[in-house]
Amino acid sequence: MTNLPKSKLRIGLIGTGFIAQFHLRSMVGVRNVEITGVYSRKAENRQRIVDLATELELGTCTAHGSLEQLLQADDVDAVWILTPNNTRLDIMRTIHAEVTSGRSKVFAVACEKPLARTIADAREMLRLAEDAGLNHGYLENQVFSTAVLRGKEIVWRRAASSTGRPYLARAAEEHAGPHEAWFWRGDKQGGGVLSDMMCHSVEVARHLLTKPDAPRKSLTVKWVNGTVANLKWTRPAYADQLRERYGEAVDYRNRPAEDFARATILLEDEDGLELMIEATTSWTYVGAGLRIQLELLGPEYSMEFNSLSTGLKVFMSRAVTGAEGEDLVEKQNAEQGLMPVLEDEAGIYGYTDENRHMVERFRKGERPDETFEDGLAVVEILIGLYRSAELGQTVHFPAGDLEDYVPLVARAGD
């Protein structure tokens, strides 16, 4: 962490897919930042990010032909790892090698969720970052959702201070399925919807239950119980849809990943009080679009949020026609009827404040609120849930035998 504080943080993006583009668009609302570089294996994908960064006036962005070139660039201070799950550990190893050898002046790294596919890999991500002296941030956007930030502040200031801490957090996230092929593959992603979306629900629930300004490790996981199922996409007609959309690489007739997951997690706070998280996630929801639903319950209060209960709605009759799109809400499933509109998706989902937070903490040389340590803790819970689902029984923590455990669905492609 050298040459700090900096007037602006110059970021290099590693990855060019949907999530990278979402992060890039959210940077428009962030001060003191420039997007100065991008690396992806395909030149056309790199150019798409360069063009978008130019359109959004986020600085002069250079397309680099190798990861090493990006890391060695004089105008890159920090990197955002936004690539498929199966590539992240190798990328982190390259970052470590370039920084420790002195070839790179990068001093900070942020990584999209989940941090890794196994506990051992997540622990290695953390070790590499710390061994290289890098500041590190875990990109969990829902923790920075405008509704979550405001809701937690009100509940803990007005209610918990009077009648006692919250004891139950419920979190659900559902949509009709991911945008890119690798998400659907257990061997690439490390799982199915439990890996893809339960990571959000687990961490936002832990965040809501944690006292303001207290570390997340102030809550101790006692046990986890998980269930996974294939409800929709293994049905022949839908399996064929996936094959038509993504080719032979996504074969849900023979190699499916779960499209539904449920989790129950028991935690204990510093005073020995029991707390509970209930979470469900699915790729089987057919509605207006992506739905995030959160609840926080305490002795004499409750908090609720539903991302599709918007103040702004539009109605379009059958006479209105047009191409399919996602201009009203992510994962939009209809072009007619009464439809909710998210006027600030990046803010409501948490991407804007997440990136603002990481930029300012990195720029000032301060530790982010979400680090690789939190990413490791989330992976430990996810792996416990996968093991619970495979065994059909509760998994008690600490569970040292999970260190190298690979979820059943992730073994299918090996």
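Below is a short write-up of the structure. (Residues numbered from 1 in each chain as written. Predicted model: local features only at pLDDT ≥ 70, side-chain atom pairs only at ≥ 80, totals over all residues. Heavy atoms only, no water.)

1. A look at the sheet that holds strand E9 (residues 260-268)
Moving on, step 1. Across the sheet, 7 strands lie side by side as E12-E11-E7-E10-E9-E8-E15; this open sheet has mixed pairing. Edge strands, defined here as strands with exactly one partner in the open sheet, are strand E12 (301-306) and strand E15 (395-396).
Moving on, step 2. Bridge count between strand E11 (residues 291-298) and E12: 6 bridges; the pairing is antiparallel. Across the sheet, Leu296 pairs through a bridge with Met303, a residue of E12.
Moving on, step 3. With respect to the sheet, helix H8 (residues 193-209) is in contact with strand E7 (168-174), strand E8 (220-229), E9, strand E10 (274-282), E11 and E12, its orientation differing from that of E10 by roughly 150°. (Pairing = 2+ DSSP bridges. Helix = DSSP H or I, 4+ residues; strand = E, 2+ residues; numbered from the N terminus. Contact = heavy atoms within 4.5 Å. Axes fitted to C-alpha atoms, helices over the stretch in contact; angles between N-to-C directions.)

2. Some words on the environment of Leu290
Moving on, step 1. One can find Leu290 in the loop between E10 and E11.
Moving on, step 2. Classification of Leu290 as buried rests on a relative accessible area of 4%.
Moving on, step 3. The spacing of Leu290 and Arg245 is 45 residues in sequence and 20 Å in space, taken between C-alpha atoms. (Buried < 20%, exposed > 50% of the residue type's maximum accessible area, 1.4 Å probe, protein only.)

3. A closer look at the sheet that holds strand E2 (residues 33-39)
Moving on, step 1. The 6 strands lie next to each other as E3-E2-E1-E4-E5-E6, forming an open sheet whose pairing is parallel. With partners counted over all chains shown, the strands left at the sheet margins are strand E3 (62-64) and strand E6 (135-139), one partner each. Strand-to-strand twist of the sheet, defined as the mean angle between neighbouring strand axes without regard to direction, takes the value 25°.
Moving on, step 2. Of the pairings in the sheet, the one linking strand E5 (residues 108-112) to E6 comprises 5 bridges and is parallel in character. Counterpart to Ala108 in the pairing with E6 is Asn135.

4. Focus on empty space enclosed by the protein
Moving on, step 1. A complete count under the given rule lists 2 cavities of 30 Å³ or more for this structure.
Moving on, step 2. Taken as a whole, the largest cavity encloses approximately 50 Å³ of empty space.
Moving on, step 3. Contributing to the lining of the largest cavity are Ala116, Arg117, Gly190, Ser195, Val379, Leu382, Ile383 and Tyr386.
Moving on, step 4. Looking at side-chain class alone, the lining of the largest cavity contains 5 nonpolar, 2 polar and 1 charged residues.
Moving on, step 5. If you go around the second largest cavity, the residues you meet are Gln142, Ser145, Val148, Ile292, Leu294, Phe305, Ile348 and Tyr349.
Moving on, step 6. Of all the secondary structure elements, the ones that give two or more residues to the lining of the second largest cavity are E11 and helix H10 (345-349). (1 Å grid on protein atoms, 1.4 Å probe; cavity = no way out; pocket = protein on both sides within 12 Å on 5 of 7 lines; lining within 4 Å. Points joined across faces, edges and corners; volume = space filled by probe spheres on them. Nonpolar A, V, L, I, M, F, W, Y, C, P; charged D, E, K, R; others polar.)

5. Details of the pairing of E5
Moving on, step 1. For E5, the tally of buried residues reaches 5 of 5 residues, placing the bulk of the element in the interior.
Moving on, step 2. Burial of E5 is two-sided: the residues Ala108, Ala110 and Glu112 facing one way and the residues Val109 and Cys111 facing the other way are all buried.
Moving on, step 3. Summarising the sheet, strand E4 (residues 78-81) and E5 pair through 4 bridges and their orientation is parallel. Across the sheet, residue Ala78 finds its bridge partner in E5, namely Ala108.
Moving on, step 4. Note that the unit made of E4, helix H4 (residues 88-100) and E5 has a crossover that is right-handed.
Moving on, step 5. In this fold, the crossover linking E5 to E6 by way of helix H5 (residues 119-131) has right-handed handedness. (Right-handed = clockwise from strand over helix to strand, strands pointing away.)

6. Some details on the packing of aromatic side chains
Moving on, step 1. In the structure shown here, the tally under the stated rule is 10 aromatic pairs.
Moving on, step 2. With centroids separated by 5.7 Å and ring planes inclined at 75°, the aromatic side chains of Phe18 and Phe22 adopt a geometry described as edge-to-face. Taken together, the positions of Phe18 and Phe22, both in helix H1 (residues 18-26) and 4 residues apart, correspond to about one turn of that helix.
Moving on, step 3. Geometrically, the ring pair formed by Trp184 and Tyr252 is edge-to-face, given 5.6 Å between the ring centres and 80° between the ring planes. Placement of Trp184 in the loop between E7 and helix H7 (186-189) and of Tyr252 in the loop between helix H9 (236-246) and E9 is noted, with a sequence separation of 68 residues between them. Both residues of the pair, Trp184 and Tyr252, belong to the buried class.
Moving on, step 4. Through pairs of rings, three or more aromatic residues link up here, namely Trp184, Trp233, Tyr238, Tyr246, Tyr252 and Trp283. (Phe/Tyr/Trp six-rings, centres within 6.5 Å; stacked < 30°, edge-to-face > 60°.)

7. Notes on the state of the cysteines
Moving on, step 1. All told, the structure shown has 0 disulfides when counted by the stated rule.
Moving on, step 2. Here Cys61 is not cross-linked by a disulfide; its sulfur's nearest cysteine counterpart is in Cys111, at 19 Å.
Moving on, step 3. Cys111 supplies the cysteine sulfur nearest to Cys199, a cysteine that is in no disulfide, at a spacing of 11 Å. (Disulfide = S-S within 2.5 Å.)

8. Examining H5
Moving on, step 1. Helix length check: H5 (13 residues) gives 18 Å between terminal C-alpha atoms against 18 Å at 1.5 Å per residue, within 8%.
Moving on, step 2. Among the residues making up H5, those that are buried are Ile119, Ala122, Met125, Leu126, Leu128 and Ala129.
Moving on, step 3. Residues of H5 that are buried sit in contact with H4, E5, E6 and helix H12 (372-391).
Moving on, step 4. Gly133 lies just past H5 and shows a positive phi near 70°. (Expected span 1.5 Å × (residues − 1).)

By themselves these figures say nothing about function.
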